[in-house]
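What the coordinates show
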Amino acid sequence: MTDNQELHPSDTHPQPRLLIVTDLDGTLLDHHSYSFSAALPALARAAAAAIPVIPNTSKTRAELLALRRALGNDDPFVVENGSAICLPAAFRPQLDSTRSDSDGLIELRLGVELERIHTVLAPLRERFDFSCFSDWTLEELIAHTGLSPAAAQAARERRYSEALLWRDDAGARASFIARLDSAGLHALQGGRFLSVLGAEADKGRALQRLRELYRQRWGSVPCVIALGDSGNDVAMLEAADIAVVIANPHHPPPTVAAPEVIYSRQPGPAGWNETIQALLDRLGVPG
Ligand SMILES: [Mg+2]
């Protein structure tokens, strides 16, 4: 080895490959308009550098299929708050499963089927006051969420979680959540709705599973950047190597303990663009 090489330890210890895992609403998507246009420069830079951008969201698979077409993204994605990871067929060598669905994706389930959730919720309706997405007509769902008819239809296609509107007081809410815990479920507050899902389903576990899948695929452990704006992102942010908390004018930033935590100045996709561009600069990714 020459002196010159000794001056460049990165030659013998190359930088780990990057993986970006991101929340959608209020993070990559604008809180009000659901637009991601302000993040397009950073998204294009990540795509040019072959850095996967993996949505990790409370949204359903049907919602994600529409969104990734709009984004031009064909990376894996995580749905229903960590309930399932949807993987392109290229991941088949890393999976035991040989089965893909009609859209060519392989789904790795971490949560529980919706039927099981409904079985637990049914007797709780007598004691607590709440209503669920699945109770509502499409028109009611549109009125509650402000979604377009097509988006509301996609939001209804839940398989592993129920979103509910809590109408009872905070004390009742705590005892409701304790009941869910003892039935192997848990609840997450995301925006206006309380999501009820399997206890094993969380955005942080999904991130860990993705890190392992990419480790097998790439032959080295990736460096994971995660971005989120809310309390339901904390498990994901804390499982990352670099956590990016996107500012949200509607609530204070969540408290996050990760090896590195960065707070964006701007909210939503503008904050996404600002922080990812700065990180890619720092990590030597071509601009
Ligand atoms: Mg969010």
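Residues numbered from 1 in each chain as written. Predicted model: local features only at pLDDT ≥ 70, side-chain atom pairs only at ≥ 80, totals over all residues. Heavy atoms only, no water.

Comments concerning the sheet that holds strand 8 (residues 185-190)
Overall, antiparallel pairing links the four strands, which are arranged 6-7-9-8 in an open sheet. A single partner strand is all that each edge strand has here, and the edge strands are strand 6 (130-132) and strand 8. Across this sheet, the average inter-strand angle for adjacent strands is 35°, counted without regard to direction. Pairing analysis gives six bridges linking strand 8 to strand 9 (residues 193-198), with the strands arranged antiparallel. Across the sheet, Gly190 pairs through a bridge with Phe193, a residue of strand 9. (Pairing = 2+ DSSP bridges. Helix = DSSP H or I, 4+ residues; strand = E, 2+ residues; numbered from the N terminus. Axes fitted to C-alpha atoms, helices over the stretch in contact; angles between N-to-C directions.)

Side note on the domain arrangement of the protein chain
Many authors give the size of an interface as the accessible area that is lost as the parts come together. Under the domain assignment used here, the protein chain contains domain 1 (3-111 + 201-282) and domain 2 (114-198). For domain 1 and domain 2, the distance between their C-alpha centroids amounts to 26 Å. In this assembly, 15 residues from domain 1 lie in contact with 17 residues from domain 2. Both sides together, the interface formed by domain 1 and domain 2 hides about 1,300 Å², and carbon and sulfur atoms give 54% of it. Linking domain 1 to domain 2 there are one salt bridge. Measuring nitrogen to oxygen at the nearest pair gives 3.5 Å for the salt bridge that ties Glu107 to Arg159. (Domains from an automatic or database assignment. Contact = heavy atoms within 4.5 Å. Buried area = accessible area lost by both parts, 1.4 Å probe. Salt bridge = Lys/Arg side-chain N within 4 Å of Asp/Glu carboxyl O.)

A word on unusual backbone geometry
One non-glycine residue, Tyr34, lies in positive phi territory at about 60°. Mapped onto the elements of the fold, Tyr34 is located in the loop between strand 1 (18-22) and helix 2 (40-48). For Ala50, which is not glycine, the phi dihedral falls at a positive 55°. One can find Ala50 in the loop between helix 2 and strand 2 (53-55).

Looking at the sheet that holds strand 5 (residues 106-109)
Taken in spatial order, the three strands make up an open sheet running 3-4-5, and their pairing is antiparallel. Whereas interior strands pair on both sides, the edge strands pair on one side only; in this sheet they are strand 3 (77-79) and strand 5. The sheet shows a mean angle of 25° between the axes of neighbouring strands, direction not considered. On the sheet, helix 3 (residues 61-71) packs against strand 3, strand 4 (84-87) and strand 5 and is oriented at approximately 145° with respect to strand 3.

Considerations on the nonpolar core
Grouped together as the largest cluster of nonpolar side chains are 32 residues, with contacts concentrated most on Leu18, Ile20, Ile225, Leu227, Trp272 and Ile276. Going through the elements one at a time, strand 1, helix 2, helix 3, strand 3, strand 4, strand 10 (223-228), strand 11 (242-247) and helix 10 (268-282) are the ones with two or more residues in this core. In terms of residue count, helix 10 provides more of this core than any other element does, four residues in total. Every residue in contact with Ile276, bar those within four places of it in the chain, is listed here: Ile20, Ala42, Ile225 and Leu227. Judged by nonpolar contacts, the second largest core, of 28 residues, contains Leu87, Phe91, Leu95 and Ala206. (Core = buried A, V, L, I, M, F, W, Y, C linked by side-chain atoms within 4.5 Å. Buried < 20%, exposed > 50% of the residue type's maximum accessible area, 1.4 Å probe, protein only.)

Notes on the packing of helix 4 (residues 114-124) against helix 7 (residues 170-182)
Running from amino to carboxyl end, helix 4 crosses helix 7 at an angle of 140°, the nearest separation of the two axes being 11 Å. By the angle between their axes, helix 4 is oblique relative to helix 7. Of the two possible hands of crossing, helix 4 and helix 7 adopt the one that is right-handed. Facing helix 4, whose interface residues are Val120, Leu121 and Leu124, helix 7 presents Phe176, Arg179 and Leu180. A class-by-class count of the residues in the contact of helix 4 with helix 7 yields five nonpolar, no polar and one charged. (Parallel < 35°, antiparallel > 145°, perpendicular 65-115°, else oblique. Left-handed = near helix turned anticlockwise from the far one by under 90°. Nonpolar A, V, L, I, M, F, W, Y, C, P; charged D, E, K, R; others polar.)

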